[in-house]
Amino acid sequence: MSFDFDATVVGAGAVGLACGRALAKRGLSVLVLEKEPHIGQGVSSRNSEVIHGGLYYPTGSLKARFCVEGRRALYAFLESRKIDHRKCGKLVVATEAAEVDRIEAIFRQATTNGVEGLEHLTGAQARALEPALNAHAAILSPESGVFDSHGYMLALQGEVEDAGGSVVVSTPFERATPLPGGGFTITAGGEAGATLTTRLLVTSPGLASQTVAARIEGYPADRIPAGHFGKGVYFRLTGKAPFDRLIYPPPIAGALGTHYRKDLGGQAVFGPDLVFVETEDYSVDPTKADEFAHYIRRFWPGLPDDALTPDYAGIRPKLHGPGDVQPDFQLHGREVHGLDGLVALFGIESPGLTSSLAIGEAVSDMLIHD
């Protein structure tokens, strides 16, 4: 049978675009559908723009594998396409003796994960690198960095389109129906609404992952993992950035915790925290500044009073609720849902941006059997 497209991807964030690129590189005709007026307006544009080393994730997990593979591929991609980035390195800091065992566990995990160049630092060595830092001890991860995530997504879009694919915005996915001989009929809405056929289907719509999966006829409802919204807010510093490197205290339950970065414009940004919410609310409560200041002074005692201003908020598509263990990425293929030619992604939060190129290749491998 003849299809309108070889592959259709739902969601034009970093991961959806990386999936589209990987499939287009293999010679497939690709369509990427995005409900918003522009690419990358969801999870991909409301994060820290950090390139993660791959320190924290459990041995053998998709997060551990994709983060290290994706980070290596990402630096090469950014370099070759002249996309703004800075490999500034990261300090994971024990601010007191009681935290040393926790950062030691991170060092062991990172070494197991294949993260390169890690160093143990004494408090004095850490302060020699960052004099304003309060550190009892630290780990240096030289492979961590920051980058222009929107420039990156524009480059991914360009590569999909250069390969003959299409990225169509303001066109929400409405439903998909499997065809008897394989492939799917897809109905899309918006002004350019249409019905089309595709041989392969990838769903990568971030916060809408569960909703989209439920709109695929035949997708077993009991195989769609429960989703949760994890909101995090950011505050920006008024004044000179105190550190050149990323500064991370030990992680909190369910996330990496409130950390510091100097963005590509040279300004200091702190965040995110983690609060579970029911709706997509991107407001930032300015009264949280005191809570942030108290936390930040653990590693930067010199934070001036009233120097934090509300910046922005992001919401992460979590597969766990408050107090639960943070699970792995989920890439559902036929063995999970029973539908040929479909890969559905769930829980692609941090380190999803860093991992995006590796996720794209893995999804392509799942769908194309050479």
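Residues numbered from 1 in each chain as written. Predicted model: local features only at pLDDT ≥ 70, side-chain atom pairs only at ≥ 80, totals over all residues. Heavy atoms only, no water.

## Side note on the packing of aromatic side chains
The full count for this structure, using the stated rule, is ten aromatic pairs. Ring geometry for Phe77 versus Tyr152: centroids 5.5 Å apart, planes at 85°, classification edge-to-face. Residue Phe77 is located in helix α2 (residues 62-80), and its partner Tyr152 is located in helix α5 (residues 149-162); the two are separated by 75 residues in the primary sequence. For the pair Tyr234 and Tyr312, a centre-to-centre distance of 4.3 Å together with 10° between the ring planes defines the contact as stacked. Note that Tyr234 is positioned in strand β13 (residues 228-237) and Tyr312 in strand β18 (residues 308-318), a separation of 78 residues in sequence. With respect to burial, Tyr234 and Tyr312 carry one shared label: buried. Each residue in the set Phe243, Tyr260, Phe270, Phe299 and Trp300 is aromatic and connected to the rest through ring pairs, giving one cluster. Here Lys87 stacks its cationic end above the ring of Tyr75, 4.5 Å away from the centre of that ring. Lying over the aromatic face of Tyr295, Arg298 brings its terminal NZ or CZ to 4.9 Å of the ring centre. (Phe/Tyr/Trp six-rings, centres within 6.5 Å; stacked < 30°, edge-to-face > 60°. Helix = DSSP H or I, 4+ residues; strand = E, 2+ residues; numbered from the N terminus. Buried < 20%, exposed > 50% of the residue type's maximum accessible area, 1.4 Å probe, protein only. Lys NZ or Arg CZ within 6 Å of the ring centre and 35° of its normal.)

## Overview of α5
End to end, α5 covers 20 Å across 14 residues, agreeing with the expected 20 Å (1.5 Å per residue, within 8%). Looking at α5, one finds that the buried residues are Ser149, Gly151, Tyr152, Met153, Ala155, Leu156, Gln157 and Val160. Looking at the buried positions of α5, the neighbouring elements they touch are α1 (14-25), β2 (30-33), α2, β8 (145-147), β9 (166-168) and α9 (352-367). With a side-chain oxygen positioned 3.2 Å from the backbone nitrogen of His150, the residue opening α5 is Asp148. At the C-terminal side of α5, Gly164 shows a positive phi close to 95°. (Expected span 1.5 Å × (residues − 1). Contact = heavy atoms within 4.5 Å. Polar contact = N/O pair within 3.5 Å; in protein donor to acceptor, adjacent residues only side chain to side chain.)

## A few points about unusual backbone geometry
In most cases, non-glycine residues show a negative phi, while peptide bonds are predominantly trans. At the junction of Gly271 and Pro272, the peptide bond is cis and its omega measures out at -5° in the coordinates. Mapped onto the elements, Pro272 comes out in the loop between β16 (268-271) and β17 (275-277). The omega torsion of the bond from Ser350 to Pro351 falls at 5°, within 30 degrees of zero and hence cis. Tracing the backbone through its elements, the reader meets Pro351 in the loop between β20 (342-346) and α9.

## Re helix α3 (residues 100-112)
Here α3 is 13 residues long and its end C-alpha atoms lie 19 Å apart, about the 18 Å a rise of 1.5 Å per residue gives. Where α3 is buried, its residues contact β5 (90-94), β6 (119-122) and β7 (137-141). Looking one or two residues past α3, Gly114 carries a phi angle of roughly 85°, positive in sign.

## A short note on the pattern of salt bridges
Under the definition given, this model contains 20 salt bridges. For the salt bridge of Asp365 with Arg26, the shortest nitrogen-to-oxygen distance reads 2.3 Å. Of the two residues, Asp365 is situated in helix α9 and Arg26 in the loop between α1 and β2; the sequence distance between them amounts to 339 residues. Residue Asp365 is classed as partly exposed on the basis of its relative accessible area of 43%. (Salt bridge = Lys/Arg side-chain N within 4 Å of Asp/Glu carboxyl O.)

## As for the state of the cysteines
Counting across every chain of the model gives zero disulfides. With no disulfide of its own, Cys19 has Cys67 as its nearest cysteine by sulfur position, at a separation of 16 Å. Given a relative accessible area of 0%, Cys19 falls into the buried group. Looking at the unpaired Cys67, the closest cysteine sulfur is the one in Cys88, lying at 14 Å. (Disulfide = S-S within 2.5 Å.)

## Some details on the packing of α1 against α9
Contact geometry of α1 with α9 gives a least axis separation of 8 Å together with a crossing angle of 40°. Here α1 is positioned oblique relative to α9, judged by the angle of their axes. In this structure, α1 meets α9 at a crossing whose hand is right-handed. Here Ala14, Val15, Ala18, Cys19, Arg21, Ala22, Leu23 and Lys25 of α1 lie close against α9, whose contacting residues are Gly352, Leu353, Ser356, Leu357, Ile359, Gly360, Glu361, Val363, Ser364 and Leu367. Looking at the contact of α1 with α9, its residues break down into eleven nonpolar, four polar and three charged. (Axes fitted to C-alpha atoms, helices over the stretch in contact; angles between N-to-C directions. Parallel < 35°, antiparallel > 145°, perpendicular 65-115°, else oblique. Left-handed = near helix turned anticlockwise from the far one by under 90°. Nonpolar A, V, L, I, M, F, W, Y, C, P; charged D, E, K, R; others polar.)

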